Structures are given as structure tokens and as C-alpha cells.
Amino acid sequence: MQSSGKTKDVGIILCECPDRLGQRLDFVKIERELRRMPEVADVQRCTDLCNRRLAELAVGNLLQNGATRIVVGACLPDHIRRVLDDVLLKKAHVNEALCWAVNLNEQCARAIAERAAATEKIVQQLAVGVRRVRLATPVRRHRRRISTDVAVIGGTLAAAQAAIGLANLGHRVHVINCDDASELFAVSPEYLAYLAENRESADELARRAGKEIAEQTSGNRRIRFYTVDQFPLVTGELGNFRVSLPSVKPGQPLRVGAVVIATEAPTQPVPVDIQGASPGTTTNLDGLLHILRSKGTLPRKIAILMDQGIQQDAVRSAQVLSVADRLARHGTRVSIFCEHVRVAAWGLEALYRRVREAGVLVLRGVTPQTRADTSGGPLIEFTDPITGARCIEQFDLIVSADHQPDLAAMAAVTTRIAGLRSGPAASFQPNNVWLTPVLTNRPGIFAVGAARARAEHREALTDGWAAAAEVHALLPSPTLEVVGDAAAVDPEKCVLCLTCLRICPHGAVAIDHDRGAAVISEISCQRCGTCVAECPALAIHLPRYTDQETAVDIGPAPKVVVFACVNSAIPAADLAAELGMAYSPDVTIVRVPCAGQVDPRAVVQALNAGARRVLLLGCHPESCRYLSGATRASKRAERLTLALKEAGLDPALVSFAGLAANEAHRFLNLIETATEGTTT
Amino acid sequence: MIIAERKPITEIKGYLTGHRRVLVLGCGGCVTVCLAGGAREVAVLAGLLRIAGEATISEATIERQCDAEFFESVKKEAEACDAILSMACGVGVQMAAQIFSSKPVYPALNTKFMGTNDGPGQWSENCLACGDCKLGIFGGICPVTRCSKSLLNGPCGGSSKGKCEVDPEHIECGWQLIYDRLRTLGRLDVLEKIEPPRDWSKTHAGGPRRLLRTDVANLI
Amino acid sequence: MTNAQYKSGSNLEKKLTAGHFVVTAELGPPKSADADLIRKKATLLAGNVDAVNITDNQTAIVRVCSLGVAKLILDLGLEPIMQMTCRDRNRLAMQADILGAYLLGIRNLVCLTGDHQSFGNHPTARCVYDLDSVQLIRMVKDMRDRKVFACGEDIRNSKKSEIKEPRMFIGAAENPFADPFEFRVMRLQKKIEAGVDFIQTQCIYDMQRFARWMELARDRGLHERCYILAGVTPLKSVGMARHMRDQVAGVILPDSIVKRMETAADPKAEGVRICVEQIHQLREIKGIAGVHIMAVEWEEKVPEIVKESGLRAER
């Protein structure tokens, strides 16, 4: 709990690292000012906190002098975290929440050129640290028993590879095939002609891959197989998922620690519709594969259409070229009509050349128009790209290679895993750089291969290995450490508006019907703080970022307040300082876990306290560490700007900007724009 | 649920001109859930008004403004103010005006409709409180609310591709929805019957309505 | 047949009952107290058509009321078809207007839902829609045949007085091109059940779809229970063709017709030509009792259309 009124219980360690800080700051003054604070029990100046012995000495002194809460002022606290963790947390048993680190170097000493101004800034920052640490409540860590079993859902090669990888790493794997049972871990050599220089080698490689997979999965003690007819319902959280298989194990859901989605691509073939064409003259890729395998006579002349409505990807190119290669070898005349031939993968260029040499016609950038002749034979009319002449060609078979997202198939999965967000274009992985390679928005749930639009053979295998590695890193032992600093809902205040449940980017919120309130998973919560800022009843709080603590951060007389996200703006600020870029001491930087945590009330509070500018800095919205936080911050800033305008105030008082962790110059520009015209 | 939306701040400022001390009063009911007048909205609006004006602004949020008892906790503060800005729906604003009868009470919101929450930040109207619910006839879709003309024997000639002529981009034809639903239920026969003219006296057209439960009211 | 055996005794009713292929047209009232314009339009139509519809605040734009114009043209010797929408009047005003119209000699009444006020020049007005078109049809029929008001009371001054009911020939509109398509014929049947005597369809350009709709209507025997008049509108310009194809809900205009207008040397003449062709085609469809020419703000073309389609010879 928080410190009561008059207790002197805060101890401050100041690192006087001579080559970094000594010159730039007046430590005598700093110590003097801090000792004046009624809450401060003791201040210890240390010449080099990186030295473990000196650190132990300083901490020992503080504790002896009655300090129970510690503020550490040093350079890049992460730098010396190891020592402090050992000394403060492990040896001296000070609770981690009762410690606060202030970056003396990057954000003060280097950022502010003038010594007196830098010194004053440091005193302010450390005072904020003192007040913060007094408001903090100790955080508990505990270990929770979890399952290290893994559910791999799907029957693709990626599923097989993930299962093998996980089994090798010691996990028990449950492979739940909800795709076509007869095609479990199937390899289609017809689509893999690019794997080698010539077709025979490619076929051999494909066959061998299939054989290896079969050998490593069947008879593997750690891998169990289940066949179901639809994607199973998955509930629970990382470490404790429950996968329901009512047709196979009724009433006994599988308990697993992680889930890997490895299903077939949630797409459907786009049919080619030719009015008046005889039956059997059109088909899709599946149908063509069937014809190839049926060992009957192949059609003499085939046209393959690609990119007709929706642009297809390299996988489709690979499939089409491979199939065309095979057909050409059998004497079939093949024409491919497409927008582009995508060969950006090893082996595809060579295949493309082979295919052309085999006499396959590839017509790029051509818009084919299909129709039927009087006897029902399909025709394609097009403009020859070279001569410009209008051509009409007859074919025996027209194949549509195009696929489009199958919304029903996507929904079949997203409705069975609450809170799972799909990405664009038939992928269960949102398009965000932080989720690479195989993460989804939900902790503990992964998407591999075709399930994340990476259906290419080698990519699928890589994904499988990657998922195994990720899962193993996440669940190395039967217990998982849980830190008690997740966002928490006050059930008395919760009005069950469902806002937090709907907006949590990680699917970490559920409804506790007994208590009639929302409840947040301590394991899944990423502590981004978005829910806290959205809850209309102010019922959620995030430890270390409560209203009181934020008020302390803003201070009584702010001039320019910059809410800076620790994933983007803070590292950019640190880098700026390291590069010697200085900025005005008028700037108050408030660290936030995500721009999405910044409450509009805090912004208005800063303005009320006299701030002349409030800047919200977060990641570039499409690369937000927590997926949607930066976008939300940007929308909130928009709404506030409009309200300011309506209220007759300057709309430029509040703004949001996105930046990356290495954009030091951008950070500086944004700060300079914010401080110009507002300097005292 | 009742859905409301904050008025333009220009309008709100207009109400408050000349007042020296204002209480911004939020409501923990519907307007909290529709993100318009709860504790958070009160804090933001009060904060902006403090910067924008000369009045002293105090703020509070009570559980609901449609029941008198909840106003107890803010009576003292309200008495000290010379105006109250209620962030409740129209019902709450009137209750506040009734309780603080000697003070001007202004609305901060426009109460819009009763409707569903279709997703975060999206609401749509689907009940007009006509007092004579016919949802059982029309497959659970209200022709009074979902049809722009409240037809009972619709659709009209302006229904095209499932959209209403009044705003084809945003409004679905209520009668297309009814038709589709009844077809799913296998009850298209319902549409062959002629639905007689509605008794509009049960709506507000018959005067402001009251409801009295004699088994509960005035028994003590 | 004697007058007493007719429902209303209107000339339109008599001609339809006798099996004539009737021609009706539309007259749009002026937006001001302009009797001259009314006379001018009436003159154009006189002798060319069997009856004239007077629109009622069409597209929610305020114009001289249908009742007033109907009386004016009646005095000029034409047969008016009064229109009444449900948008602007409640059942009290409607019944009062029906009584008044009847006393002034008007005998044909078309019952419509009415375009929403948001389309017109008074979008902030409150709409009424106390009744919908089906309920209005039934109310007019009950006034005529059961001789009662909507509230159930007899149409008489007092218990001792004679019943004097208004006897209208009841019409309605139907749109074979609106959605849901399968339901449109059902809706026509509903109006017939309610008591409609004749209907006029929305303007037709898509012959195939209309023929299909008529087929469905004939399957239910609806063409024998009410008179179906097919609506046509001559296209005045390429712009009008495109506008009707893209912006007007409830009108289906095939691209082939737009193309004809675009490639024509004289679009106006082409528009009239297309209209005449349509009338010829419509006459071939079984169950059509007449044609309703809606020459919106182009009433002067009606005589030419009537003549070119051979309907003039039958007048």
C-alpha cells in the first residue's frame, strides 16, 4: 500500500559516473535539494553504480537509515539493471514496485546543455520519482501451474513441422485435424516443380519431404492425432487453454498451454463463369490437380487464368507454373493469362524459364474475355500484348487459378477463439511487425503456414519450426511466473458496458458472470493500458500508471508535456540524447507503456495545470507494439482537437505523432515544434 | 438502451455564459455505457470548460439521474452552484431540474434514440416505444422503427437492393429485413394479411404516458 | 350497365369495364398559384387521353394540391384522377378531403405511400404516415361499399339522416422493379384484397423483368381482379437516362437503352421513339388494360406519343 503522510521512507541513490554525469550535473546541489523533501530518509551518492560492491554499500546505507522505497538516479537504468536487480531486489528484498529509476543521462544531462538547467531538471525528475514511489503498492509474483502440452490445429505441412519441432523439444503435441482427413500432411508434388533444377529432382524432393514428415510423426510417442469435422472451440488463456473436441472426447476438453493454428488457407476458388459453355470445360486448380492425377487423357489445350479480379500471390504463381510445367511435359498446350508472374523466391525464376522453354505461353497484362462458341466450347478473346491484334483462341479446358478470402471459413475460426483478430486477406495474423513471425494478437496462440497466408512449401516448414521455438520459449517449464501488475477491473464500478472486452488488442478480457463484471487475465494482459483509458466508468487501473501517479508525472506547473511511449518515443529520446541533440528543459516527458494508455483526462489535466502544449508520442500506428494503441491515441487526439476548437481554444494545444524507436531526428523535430512559441 | 451524444461545446458554452459556478453532473447509467456522459466524459468536459471559460467548475457523477435518491450526495455542491450542466439523457436532465428547481439546469447531451450497440462506438435505433409492440408478428423486426415511414404493410416502392431510399448508404429497408426473416421462419403467410391502421393514441401522440403498478405503488 | 351498377360511375371505370385499352397521363401541378399553367397542360392532354393523374406534392415538393387541380381540369372537360399520399395527411384529413373531392365531382382516387419528406424542399417537416397505402385503399373502399368511416361510424349526418357515401374508383401504384422482387406480386395481391380497382405501375424500361412480373401476376389471376395499367416515361435526354439508371431507386433502366440515347443524333426524338416502341411491346402482354404515360415536365410530347403508338385512332 501507499506510504502514509509523514513517514520518511524514501531513499535515493545517485550515480555520479564521472565520465558521463559528473561534469554535467551539480550533485552537491541535487543532494541538498532532495534532502529537503520531507519524505526522503537518505540520499547516497555513489561514484559508480556499475560496481557491485559500491552498489551494495549504497543500498545498505539507505536501508539502515530507514528507507523502504528506493529511487535510483543513473544513466539508462537498463544498463545497470542486472546489478540493481541482484542487489535491491534479490539481496535486499525491496519489492520491485517500490523502486523507481530515473534516467539522469539520456533525458537530462545530455538533453539539456546548460548545467544549472540540467541540474534543476534532475531535481524535478527525482522529486517525481520520490512522490511516485510513495504512491506505489508492492507487486507480487507467483508461479502458476500450467500445461506445456500444445494443440496444433490443422492438417497442413506446417502443422506437421510444428508438431515435430515441439515433440523434439519435449512437449506433448495434440494434432487436431479439422481439414480434409484424407490429406493429412499431404505434399502435392505437382505444385512444387520449383524445388529443384529439373522436374525429376523436384518430385523426388517433394516425395522425400512427405516421407520424412510421415516417419517423424507416426509412431512418435509425444504426438497424438485427432480428427474432427470443424475447428474446435478454444477457451482459456496462455498456459491454460481448453480445446473442446465433443465428437472425440465429449465433456473432456484438452488442456494445453499453447495453440498453433495450422489450417488450410481460408480461401475459396473463384470460379470462371462462361455462359453457354459445356459442362466440364471449366475448373479450378483443385479440379486440374484431380485431372492430372486421374491418369486419363489430358486435355490438349488448356488456359489458366490468374489475377482476374483479385491479385494472387507468389504461391499461386508457383502452383500455376509447376502445373503448367507438368502439363507441357505431357504434351498439353498451355496458355497462362495473368497480371504478373511473381518469381520472387528461389527456384521460381528457373522454373519460369523452363516453363517458357517447354512452350507454355505466358501472357502478362492481358485481360482475357471468356465466352463459349455455339457448340459449347470455351473461347478466350484478348488483345495480343505485342502486336495489338485482337485474338480469339479455343481451348478444351479453362482453369481459374484465383482464390479469394472465404469469409465464412475465417469466421469459423475467429468465432471459436474469442478475441482472435484476423489480418487482411485470408490470414489469422494481423499485419503488424511486432507479430512476426508466427504470433497472433492473442498471447499463446500462433498462426503458421497457409493460416497466415504463407502457404509456400519451404515457408510453411520454417513457420512450423518457428512456432515450436516460440512455444518452447514461452512454456519451458510446468509453471509460469505471473507478475501481479496486470490491469484490474473494480467489480463495484464496472457497468458491463463490454468496452474493454471488445477493444483489448490481446483478447485478455472476459466476463465473470458471477461477479457481474469484466475480468482481466493476468497472464494475457500485456499492460498496455488501453482498456484503462477507454473504460467509461473509470473502473480499471493499471499498477504504476494510476491517475495519482500520472498526476505526479505531469507535475504542478508543466509547460510542455510529452506523453512518450516506451516502445517508440523513449528509445528515440534516448538515442537523440546519445547523439548529442539537446532540447528545452521546459519539456516534461511522461513515460507511458503505450500511447493508448494516455487518458484524455490526463491530457486535459495537463492543460488545466498550465501546459501550453501536450504531445502524445507513440509508435507509427501500423506498427504499434500493442496493435491498436497508437491508432486509438491518434483518434483521441483528433476528438480533443475538435472539442478544443469548439470551445474557442487553440486546436494545436494537443496532437499525436507516431515515430519509431530509432527516429531520433524526428523526435527532436517534434519536440522543437512543440516548444517553439511556448518558451518562457 | 438510451443512446445520447455530447452537444457541440459551442452550444454548451452558450448556456453557461454569465454563470460563475457550475456543477458538471454525470450519470452512471446508459450514457456511461454509450460513452457520452459518464465519469470520464465529465472529467474531460469539465477540464475543457475550465480552460475555456471564467466559471469555477466542479464535477461529480452519480449512479443514475432518473431516480431522485441518487442526487442526495451532490445536493450540497449543487446548492453552492448557480447552474448545473447535466450530462444525463433528457430524462435525467429533467429530474435534475425538478430536484434543483431553483437552479438553471442545462443539458450537455442530445438524447438520440433507444437502440442496440452494434460494436464499439456504433449504435443504431430500433425501438420507438410505441406502446403496442408488434414484434411478434413481424419476426422480431420493428416496422415502426426500422421502416423510415413506419409502414405496417410495407415495403414501399423505394426499397432497392435491401436499402431504404431515404439513405441507401446507411439505412437498410426494414421491410426487406422483415421479409427475409419471415422467409427464414417459414412464415411469409403473415405478410399476406392486411395489418390494420395502428392505434397511435398509445404512442406519445396520445399525450405523455404514465405507468402505474398498483401492486407496488403507494402501499405504505 | 347503369350508373348504379358501377362502383363510382367515373368515365375511366366505364371505359375499363367496357374493355377499352385506356391511356392515362400525368399532370404535375405548378409550384405557385398559377392557373394558366394548369390550363396550358390540360389543353395539351385534352382529347389525347382517357383520364389524367394529378400528383400530390410529388417528391415531397410543395405544389398546388391534387384536389384543387383535379377540380380545375374537371371544369375544363377532362377526367381527373386525384392522388393522395399518406405522408402529409392523417386519416381525419384524408376522409374529409375524399368527401370534399366527391362533392366537387372527382371520381377517381389513387392511393400512394408517398416519397419521404427528406427528398423535397421541406425536409425538416414532420411526416404523418398515419396510414400506409394498403390501409388507405381499404379505408376508401369501406367508405364506398360499407359506407362507414375508418372509426366504424356510418357516413350520415345523424341517426335519422340518409347515408351519403363518397364513391371513388380506387387506384394504387405498384413497382415491379423494387425489391424484394418475389414479394411485389404479393403486395399487389394485398392491395387487391384491400379493394383496389386499378393500378398503375412505375415506369417500365426492363421489358423482360416486367413480363416476368406480369406472368407471376397472371398466375394468381390478379389481372382479372383489377385493371393493370403499364407505366411508361419518355426519356428527354442522355442525362435523364443516366440519372434514372443510377440515382432513382425503384427504376431499372438497362444499359442498352442508355446506349441508344447516347448514340442518337437527336436524343429527344429517340426518347419518344423508345417510348412508342415500349407501348407497342406492352400491348402484346396479356393482362395489360392500358398504359399510363408519365411525361414528367414534358406533357407536350403526350399527343405525339399517343398518335405514334396508334392509340389515337381508338380515341
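Residues numbered from 1 in each chain as written. Chains lettered and ligands numbered in written order. Predicted model: local features only at pLDDT ≥ 70, side-chain atom pairs only at ≥ 80, totals over all residues.

**A word on the overall build of chain A**
Piece 1. Check the secondary structure of chain A and you find 20 helices and 32 strands.
Piece 2. Dimensions along the principal axes, computed over C-alpha positions, put chain A at roughly 100 × 60 × 50 Å.
Piece 3. The contacts of chain A with a sequence gap of at least 6 include a subset with a gap of at least 24, amounting to 75%. (Helix = DSSP H or I, 4+ residues; strand = E, 2+ residues; numbered from the N terminus. Contact = placed C-beta atoms within 7 Å.)

**So, the packing of helix α9 (residues 238–246) of chain C against helix α10 (residues 255–263) of chain C**
All names here are of chain C.
Piece 1. In the contact formed by α9 and α10, the axes pass within 9 Å of each other and the chain directions differ by 160°. In this view, α9 runs roughly antiparallel relative to α10, as classed from their interaxial angle. Note on packing geometry: the crossing formed by α9 with α10 is left-handed. Between α9 and α10, the residues in contact are Val-238, Ala-241, Arg-242 and Arg-245 and Ile-257, Val-258, Met-261 and Glu-262, respectively.
Piece 2. Here the residues of the contact of α9 with α10 are counted per class, giving five nonpolar, no polar and three charged. (Axes fitted to C-alpha atoms, helices over the stretch in contact; angles between N-to-C directions. Parallel < 35°, antiparallel > 145°, perpendicular 65-115°, else oblique. Left-handed = near helix turned anticlockwise from the far one by under 90°. Nonpolar A, V, L, I, M, F, W, Y, C, P; charged D, E, K, R; others polar.)

**Examining the sheet that holds strand β31 (residues 613–618) of chain A**
Residue and element names in this part refer to chain A.
Piece 1. Pairing is parallel in the open sheet, where four strands are placed in the order β30-β29-β31-β32. Strands at the two margins of the open sheet, each flanked by one partner only, are β30 (587–592) and β32 (654–658). Adjacent strand axes in the sheet meet at a mean angle of 20°, parallel and antiparallel pairs treated alike.
Piece 2. Sheet topology note: the strand β29 (residues 560–565)/β30 ladder contains six bridges and is parallel. Each bridged residue has a counterpart across the sheet, and for Phe-563 the counterpart in β30 is Val-590.
Piece 3. In the packing of helix α17 (residues 569–578) onto the sheet, contacts are made with β29, β30 and β31, and the angle to β29 comes to roughly 110°. (Pairing = 2+ DSSP bridges.)

**Some thoughts on helix α10 (residues 314–329) of chain A**
An α-helical turn contains 3.6 residues, so a residue and the one three or four places further along point in the same direction.
All names here are of chain A.
Piece 1. An ideal rise of 1.5 Å per residue puts 22 Å on 16 residues; α10 measures up with 22 Å between its terminal C-alpha atoms.
Piece 2. Burial of α10 is extensive: 13 of the 16 residues sit out of reach of the surface.
Piece 3. After α10 finishes, the residue Gly-331 shows a positive phi value of roughly 95°. (Expected span 1.5 Å × (residues − 1). Buried ≥ 20, exposed ≤ 12 C-beta atoms within 10 Å, placed from the backbone.)

**Re the arrangement of the chains**
Piece 1. The chain pair with the greatest number of contacts, out of two pairs of chains in contact, is formed by chains B and C.
Piece 2. Nothing in chain A touches chain C; the tightest C-alpha to C-alpha distance between them is still 19 Å.

**Examining the environment of A:Gly658**
Residues and elements named next belong to chain A.
Piece 1. One can find Gly-658 in strand β32.
Piece 2. Overall, the presence of 24 C-beta atoms within 10 Å leaves Gly-658 in the buried class.
Piece 3. For the pair Gly-658 and His-457, spaced 201 residues apart in the sequence, the C-alpha separation amounts to 37 Å.
Piece 4. Residue contacts for Gly-658: discarding those within four places in its chain leaves Gly-618, Cys-619, His-620, Pro-621 and Ala-630.

**Some points on the domain arrangement of chain A**
Piece 1. Domain annotation of chain A identifies domain 1 (1–140), domain 2 (150–266 + 406–479), domain 3 (272–401), domain 4 (484–540) and domain 5 (544–680).
Piece 2. Centre-to-centre separation of domain 1 of chain A and domain 2 of chain A, based on C-alpha positions: 48 Å. (Domains from an automatic or database assignment.)

**Focus: the interface of chain A and chain B**
Piece 1. On the chain B side, the residues contacting the 20 residues of chain A number 19 residues.
Piece 2. Elements with a contribution of two residues or more to the side of chain A that touches chain B: α14 (499–503), α18 (600–608) and α19 (629–646) of chain A.
Piece 3. Its residues assigned to classes, the side of chain A that touches chain B shows 13 nonpolar, four polar and three charged.

**Things to note about the interface of chain C and chain B**
Piece 1. Contact with chain C, which involves 26 residues of that partner, is made by 25 residues of chain B.
Piece 2. Listed by contribution, the elements that provide at least two residues to the side of chain C that touches chain B are α5 (133–146) and α6 (181–194) of chain C.
Piece 3. In terms of residues, the side of chain C that touches chain B owes the most to one element, α6(C), which gives five residues.
Piece 4. When grouped by side-chain class, the residues that make up the side of chain C that touches chain B number twelve nonpolar, seven polar and seven charged.

**As for the sheet that holds strand β2 (residues 21–27) of chain B**
Residues and elements named next belong to chain B.
Piece 1. One open sheet holds the four strands; their spatial order is β3-β2-β4-β5, and the pairing between them is parallel. At either margin of the open sheet sits one strand with a lone partner, and together these are β3 (56–62) and β5 (105–107). Between one strand axis and the next, the sheet turns by 25° as a mean value, whatever way the strands run.
Piece 2. Pairing analysis gives four bridges linking β2 to strand β4 (residues 83–86), with the strands arranged parallel. Of the residues in β4, the one forming a bridge with Leu-25 is Ser-86.

**Structural notes on the nonpolar core**
Piece 1. In this structure, A:Ile13, A:Val562, A:Ala564, A:Ala595, A:Leu617 and B:Leu85 are the most contacted members of the largest nonpolar core, which totals 170 residues.
Piece 2. Core analysis: the second largest hydrophobic core is formed by 103 residues, B:Cys156, C:Tyr129, C:Ala194 and C:Phe210 among them. (Core = buried A, V, L, I, M, F, W, Y, C linked by C-beta atoms within 7 Å.)

**Section: the confidence of the model for chain B**
Piece 1. Averaged over all residues, the pLDDT of chain B is 94; the fraction at 70 or higher stands at 100%.
Piece 2. At the level of chain-chain contacts, confidence expressed as ipTM amounts to 0.87, with global pTM at 0.86. (pLDDT = per-residue confidence, 0-100.)

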